[in-house]
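Spelled out from the first residue to the last, the chains are:
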Amino acid sequence: TAEKVREAVRAGLARRGVAADFSVVSNPEFLKEGAAVEDFMRPDRIIVGADDPRAVEIMRSIYAPVQRNHQRMIVMDVRSAELTKYAANAMLATRISFMNELANLAERLGADIEQVRIGIGSDARIGYHFLYAGCGY
């Protein structure tokens, strides 16, 4: 967690006798396997968790080149940023697991999981992303 990182840095600086102002920022990545460079260059969102306004401005300047056309940065506190990453992974894993269970049920019932996928994916609240049984894509 950010608190542990902050304490480790503080302790390391103290051991060296260095007094320095620093901030800890949580900047979780949301890169898809096989598309990391594209996802970095055209992110759908950039999560920045920071408690220091100066650190937020530094992060804005770092990400400015990839945000020329759209503001994608969401700033929040550090713990919320960390939880956002875990929540996103859990949501995607849940969708994949759910589709795998539906595929098992469809097989037992003689239903076509592809037709079921199309049927539930057509609901705009659900969508088609991560509704493929077996592979997670």
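Our subject in this report is the structure included herewith. Because the structure is a prediction, the values reported are computed rather than measured. (Residues numbered from 1 in each chain as written. Predicted model: local features only at pLDDT ≥ 70, side-chain atom pairs only at ≥ 80, totals over all residues. Heavy atoms only, no water.)

### Focus: helix H4 (residues 78–109)
In an α-helix, one turn spans 3.6 residues, which is why side chains three or four residues apart end up on the same side.
(1) Moving on: Given a rise of 1.5 Å per residue, 32 residues ought to cover 46 Å, and the 46 Å separating the end C-alpha atoms of H4 matches this to within 8%.
(2) Moving on: Listed as buried for H4 are Val78, Ala81, Lys85, Ala88, Arg95, Ile96, Met99, Ala103 and Ala106.
(3) Moving on: Where H4 is buried, its residues meet helix H1 (2–16), strand E1 (46–49), strand E2 (73–76) and helix H5 (113–121).
(4) Moving on: Looking one or two places after H4, you find glycine 110, whose phi comes out positive at around 80°. (Helix = DSSP H or I, 4+ residues; strand = E, 2+ residues; numbered from the N terminus. Expected span 1.5 Å × (residues − 1). Buried < 20%, exposed > 50% of the residue type's maximum accessible area, 1.4 Å probe, protein only. Contact = heavy atoms within 4.5 Å.)

### Notes on the environment of alanine 14
(1) Moving on: Within the fold, alanine 14 resides in helix H1.
(2) Moving on: Judged by its relative accessible area of 58%, alanine 14 falls in the exposed class.
(3) Moving on: Along the sequence, alanine 14 and valine 25 sit eleven residues apart, while their C-alpha atoms lie 20 Å from each other.

### Considerations on the pairing of E1
(1) Moving on: Every second residue of E1 is oriented toward a common face, with Ile46 and Val48 on one face and Ile47 and Gly49 on the other, all of them buried.
(2) Moving on: Alignment of E1 against E2, held across four bridges, turns out to be parallel. In the sheet register, glycine 49 faces E2, and the bridge partner there is methionine 76.
(3) Moving on: With respect to chirality, the unit in which E1 leads through helix H3 (residues 53–63) into the neighbouring parallel E2 is right-handed. (Pairing = 2+ DSSP bridges. Right-handed = clockwise from strand over helix to strand, strands pointing away.)

### Notes on the pattern of salt bridges
(1) Moving on: Per the counting criterion, the structure on display carries nine salt bridges.
(2) Moving on: In this structure, the salt-bridge partner of glutamate 38 is arginine 42, at a minimum N-O distance of 3.3 Å.
(3) Moving on: In this structure, the salt-bridge partner of glutamate 114 is arginine 117, at a minimum N-O distance of 2.7 Å. One end of the pair is glutamate 114 and the other is arginine 117, both in helix H5 and three residues apart, which spans about a single turn.
(4) Moving on: In this structure glutamate 114 comes out as partly exposed when scored by relative accessible area, which is 36%.
(5) Moving on: With a relative accessible area of 8%, arginine 117 lands in the buried category. (Salt bridge = Lys/Arg side-chain N within 4 Å of Asp/Glu carboxyl O.)

These values are about where atoms sit, not about what they do.
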